[in-house]
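# Structural description and commentary
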Amino acid sequence: LTVHLRVLRSRCETPRSNRYSWRSSGSRHSSPLPPLPPAALLPTEGSSSYKQHRRTPSSSSTLTYSPRDDDDGMPPMTPRRSDSAISVRSLHSESNMSLRSTFSLHEEEEDTEPQVFAEQPSVKLCCQLCCNVFKDPVITTCGHTFCRRCALTSDKCPVDAAKLTVVVNNIAVAEQIGELFIHCKYGCRATAMAGKPGAYEVDPLGCPFTIKLSTRKEHEASCDYRPVRCPNNPSCPPLLTMNLEAHLKECEHIKCPHSKYGCTFIGNQDTYETHLEVCKFEGLKEFLQQTDDRFHEMQLTLAQKDQDIAFLRSMLGKLSEKLDQLEKNLELKFDVLDENQSKLSEDLMEFRRDASMLNVSSFPSLCLCVAYDPQQIFKCKGTFVGHQGPVWCLCVYSTGDLLFSGSSDKTIKVWDTCTTYKCQKTLEGHDGIVLALCIQGNRLYSGSADCTIIVWDIQTLQKVNTIRAHDNPVCTLVSSHNILFSGSLKAIKVWDIVGTELKLKKELTGLNHWVRALVASQNHLYSGSYQTIKIWDIRSLECVHVLQTSGGSVYSIAVTNHHIVCGTYENLIHVWDIESKEQVRTLTGHVGTVYALAVIATPDQTKVFSASYDRSLRVWSMDNMICTQTLLRHQGSVTALAVSRGRLFSGAVDSTVKVPPLVTAPPADHLRPSVCPFLFCCSRG
């Protein structure tokens, strides 16, 4: 026990030193949505496929190789691979698209692992700059495809001598490259070929598998030919994974499982079993395990407390900055007020002098008229603060004046927007970023990066059901006609709402990319993906019209009485006539991706609000298609909008939700007295 307590005391000091080093590098956010998504973040489609052939290992091998006795559940074998397979130095296996967009391009480190293809790749999959198979293929402004690194380091296109500028990832080519078969790297060896440094060839003594490039890492992580070290003693000779189990039975360096507590036993398998019967620590193993578990819990608690402290410090710093800014603004306003008061006093004195010179005994009453201000100015009343990550979605329950917000912190917060303006409850249940919210009746539906949809009862604010909806993150939700639509990668699922249950009715396919925008209006569903808007008949669930657009993926859609409006990745807002389906205007002004759109319509006018990566909101009049107001409410990208009773709520990457003032008695707010510009006076005669 004395030895044990001494060991525990030494272990207790280690987390404390780690605590301070961890805290110094801590940050408020663990990620990037974007916007988005939270992005970030979204998985791509792929398949796991392996090909296998047998070969007899050579007796001259420096290590002990032996063919396996069974297939270990692998797919059927393919013909023996050719030793003349071509070696290529670099290839990018997958193209991962972010949930929310960024403006920076990150250059990846060069892959130096051996890559030997089972069959010679097509020339169409080779870059014309480096003459190798594409690595992270991108489309440039000239319309050609090159490796990202080649496009960034080269000045001109080798085909038409145009200047190279990266436009977008070439996902189609990346997927084709991911389907190419290569030999496992543990089945390759370096070859000394003249003029070709770093070339590789097939090793007949190595791994016999050929695998898809997109599934390479999965196979190599569990490959039987992967070199490993003996866990008992690093001085043991190198081993292959397939031989490790046999080696452990004969290893002479097996340590006691209680060596971390002070036991010094080292021996083979036979003496190991005998030692356990007499080891003094074996009788205390339950107590020791419980102590370890307790230490681990304390370390996790300490790390969580440090994270909370870091968050509170960051919030305190921001509040201090805001307070300083408010003080400066207040001083400026006082200066302006003093200056205006001085001017007003001077004008009044001058007016009195003029009146005395005219010797006017009396003035008629000043004409008062009432002028109506047709331009409503949208202002911010306050801020909802509480999320510990970017806010990606908003939804309003107008019956109870409740606002729901979903965030990267995996929670949904419920806010009172009428009386207390406080958070009523925090809903927890998702294991990923909350990307979408939708209300149907008294039910709230939430979609997440964990690929699930959770059903919540709004009256009790309790979770009533969880549905595994998609194989990829649920990006958007919308409901209509007692039907729920959910959008994900290249698919829209249609669910019948039956109480708290969701019954899958149909899956809409034929989509070319992530479905990030869904809007239901009257009897039509509008879906946005890559440069395409599809219009579906809700009753027949058939596509009735397709609108082609430009500017990359469609991130947001809004429908008014006369127009269809969409926001795109490349900062543009396109407008179509809802009857003729003809594009009538492209609205410009934003300098970032347009993440969200919202509509406020009155009998006299219709306004569309747009939220962007550039941290601004813009107000557009649909009568003349011009921007009438620009709002700078947030310190980060604006990702979500919601409208209720003429009020516009906005959520952003800065983890806040901005709240507008409650509209009461509009005529009184929009009427103001003004002085008639003419002065009438009477005189005798």
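Residues numbered from 1 in each chain as written. Predicted model: local features only at pLDDT ≥ 70, side-chain atom pairs only at ≥ 80, totals over all residues. Heavy atoms only, no water.

Quick reminder of the rule: UniProt positions are given in the numbering used here, feature names are shortened, and annotations may be inferred rather than shown by experiment.
Looking up the chain in an unreviewed UniProt entry gives the name E3 ubiquitin-protein ligase TRAF7, with the organism given as Cyclopterus lumpus. What UniProt states about the chain under its Catalytic activity (unreviewed entry) heading is, verbatim, "S-ubiquitinyl-[E2 ubiquitin-conjugating enzyme]-L-cysteine + [acceptor protein]-L-lysine = [E2 ubiquitin-conjugating enzyme]-L-cysteine + N(6)-ubiquitinyl-[acceptor protein]-L-lysine."

## Considering the packing of aromatic side chains
Operational definition: Stacked, tilted and edge-to-face are the three classes assigned to paired rings of Phe, Tyr and Trp, where Trp is represented by its six-membered ring and a pair needs centres within 6.5 Å; plane angles under 30 degrees give stacked, over 60 edge-to-face, the rest tilted. Every helix listed is a DSSP run of H or I at least four residues long, and every strand listed is a run of E at least two residues long, numbered separately from the N terminus. Throughout, exposure labels follow a simple rule: accessible area from a 1.4 Å probe, protein chains only, divided by the maximum for the residue type, with under 20% read as buried, over 50% as exposed, and the rest as partly exposed.
If you walk through the whole model with that rule in mind, you get 3 aromatic pairs. Seen in terms of ring centroids, Phe384 and Trp415 are 4.5 Å apart; in terms of plane orientation they differ by 5 degrees. Their pairing is stacked. Residue Phe384 is found in strand 14 (residues 382-385), and its partner Trp415 is found in strand 17 (residues 411-416); the two are separated by 31 residues along the sequence. In this structure Phe384 comes out as buried when scored by relative accessible area, which is 4%.

## So, the sheet that holds strand 3 (residues 145-147)
What counts here: Whether two strands pair comes down to DSSP finding at least two bridges between them. Each axis is a line fitted through C-alpha atoms, and for a helix only the stretch in contact is used; angles between axes span 0 to 180 degrees, taken between their N-to-C directions.
Read across the open sheet, the 3 strands follow the order 3-2-4; overall the sheet is antiparallel. The two strands at the open ends of the sheet, each matched to only one other strand, are strand 3 and strand 4 (166-169). Geometrically, the sheet is characterised by an average inter-axis angle of 45 degrees between neighbouring strands, direction not taken into account. By the bridge criterion, 3 bridges tie strand 2 (residues 137-140) to strand 4 in an arrangement that is antiparallel. Directly across from Thr140, in strand 4, lies its bridge partner Val166.

## Focus on the nonpolar core
Quick reminder of the rule: Each nonpolar core is a collection of buried residues, namely Ala, Val, Leu, Ile, Met, Phe, Trp, Tyr and Cys, held together in the definition by side-chain atoms within 4.5 Å. Any two residues whose heavy atoms approach within 4.5 Å are treated as being in contact.
Counting 26 residues, the largest nonpolar core has Cys127, Phe134, Phe146, Ile177, Cys207 and Tyr225 as its most contacted members. Breaking this core down by element, the ones donating at least two residues are strand 3, helix 2 (148-153), helix 3 (171-178) and strand 8 (209-212). With sequence-adjacent residues up to four places away left out, Phe146 is seen in contact with Cys127, Gln128, Leu129, Phe134, Asp136, Pro137, Val138, Thr140, Ala151, Cys157, Pro158 and Leu164. If you look at the next biggest cluster of nonpolar residues, it comprises 16 residues, including Ile412, Val414, Ile454 and Leu461.

## Digging into the side chain of Lys212
In plain terms, the rule: Each polar contact in these results corresponds to two N or O atoms within 3.5 Å; when the atoms are within protein, one needs to be able to donate a hydrogen and the other to accept it, and residues that are neighboring in sequence are counted only if both atoms are side-chain atoms.
With respect to the secondary-structure elements, Lys212 resides in strand 8. Classification of Lys212 as buried rests on a relative accessible area of 10%. Looking at Lys212, its side chain comes within polar contact range of the side chain of Glu179, at 2.5 Å.

## Considering a nonpolar patch on the surface
Defined as follows: A patch consists of residues exposed above 30% relative accessible area that lack any salt bridge, with like charges linked at up to 9 Å and nonpolar side chains (Val, Leu, Ile, Met, Phe, Trp, Tyr) linked at up to 5 Å. Under the convention used here, a 1.4 Å probe and the Shrake-Rupley method define accessible areas, while residue burial counts only the protein chains that appear. Just to be clear on terms, a salt bridge is a Lys or Arg side-chain nitrogen sitting within 4 Å of an Asp or Glu carboxyl oxygen.
Where nonpolar side chains cluster on the molecular surface, the patch consists of Leu330, Phe334 and Leu337 and spans about 310 Å² of accessible area. Residue placement: Leu337 occurs in helix 7 (residues 285-358).

## Some points on the pairing of strand 16 (residues 402-407)
By the criterion of burial, strand 16 is predominantly enclosed, with 6 of the 6 residues buried. Burial of the side chains of strand 16 extends over both faces: Leu402, Phe404 and Gly406 are buried on one face and Leu403, Ser405 and Ser407 on the other. Pairing geometry for strand 15 (residues 391-397) and strand 16, over 6 bridges, is antiparallel. Across the sheet, residue Val396 finds its bridge partner in strand 16, namely Leu403. Where strand 16 meets strand 17, 5 bridges bridge the pair, whose relative direction is antiparallel. Residue pairing for strand 17: Phe404 is matched across the bridge by Val414. Counting the residues that bridge the hairpin from strand 16 to strand 17 gives 3 residues, and of these Lys410 lies at a positive phi of roughly 70 degrees.

## Notes on the pattern of salt bridges
One pass over the structure, following the stated rule, counts 14 salt bridges. Ionic pairing is found between Asp136 and Arg148, a salt bridge with its closest N-O pair at 2.6 Å. Linking Asp136 in the loop between strand 1 (50-52) and strand 2 with Arg148 in helix 2, this pair joins segments that are 12 residues apart in sequence. Comparing Asp136 with Arg148 shows no difference in burial state: the two are buried. Ionic pairing is found between Glu179 and Lys212, a salt bridge with its closest N-O pair at 2.5 Å. Remark: Lys212 occurs in strand 8 and Glu179 occurs in the loop between helix 3 and strand 5 (181-183); sequence separation between them is 33 residues.

## Comments concerning the environment of Ser650
By the element assignment, Ser650 lies in strand 38 (residues 647-652). It is 8.8 Å that separates the C-alpha atoms of Ser650 and His634, two residues lying 16 residues apart in sequence. Contacts of Ser650, omitting those with residues within four sequence positions, involve Leu394, Leu617, Arg633, His634, Val638, Ala640, Leu641, Thr656, Val657 and Lys658. A distance of 3.2 Å separates a polar atom in the side chain of Ser650 from a polar atom in the side chain of Arg633. A distance of 2.8 Å separates polar atoms of two side chains, one belonging to Ser650 and the other to His634.

## Observations concerning helix 3
Condition: By construction, the arc corresponds to the directions joining the helix axis to the C-beta atoms.
Residues Val173, Ala174, Ile177 and Gly178 constitute the buried set of helix 3. For helix 3, the arc enclosing every buried residue in end-on projection is 140 degrees, short of the 170-degree limit, so these residues lie on one face. The inward-facing, buried residues of helix 3 abut strand 2 and strand 8.

## What to know about unusual backbone geometry
Phi is positive for Cys131, which is not a glycine, with a value near 65 degrees. With respect to the helices and strands, Cys131 occurs in the loop between strand 1 and strand 2. A positive phi angle, close to 55 degrees, is found at Gln531, a residue other than glycine.

## Brief notes about a negative patch on the surface
Stated formally: A positive count includes Lys and Arg, and a negative count includes Asp and Glu. His and the chain ends are not counted in either. Here the site of a charge means NZ on Lys, CZ on Arg, CG on Asp, or CD on Glu.
A cluster of acidic residues, Glu321, Asp324, Glu327, Glu331, Asp335 and Asp338, forms a negative patch at the surface. In this structure, Glu331 sits in helix 7. Residue classification places Glu331 among the exposed residues on the basis of a relative accessible area of 52%.

## Thoughts on the pairing of strand 21 (residues 452-457)
Burial runs high along strand 21: 6 of the 6 residues are buried. Side-chain alternation along strand 21 places Thr452, Ile454 and Trp456 on one buried face and Ile453, Val455 and Asp457 on a second face that is also buried. Counting the residues in the hairpin turn of strand 20 (residues 443-448) and strand 21 gives 3 residues, including Cys451, whose phi is positive at 70 degrees. From the end of strand 21 to the start of strand 22 (residues 462-468), which pair antiparallel, there are 4 residues, and Leu461 there has a positive phi angle of about 55 degrees.

## Some words on the sheet that holds strand 37 (residues 638-644)
A sheet is described by the order of its strands in space; here 4 strands give the open sequence 14-39-38-37, paired in antiparallel fashion. Both outer strands of the open sheet, strand 14 and strand 37, are each paired with one neighbouring strand and no more. In this sheet, adjacent strand axes meet at a mean angle of 20 degrees when their direction is disregarded. Note that strand 37 and strand 38 share 6 bridges and pair antiparallel. When the bridges of strand 38 are listed, Val643 appears paired with Leu648.

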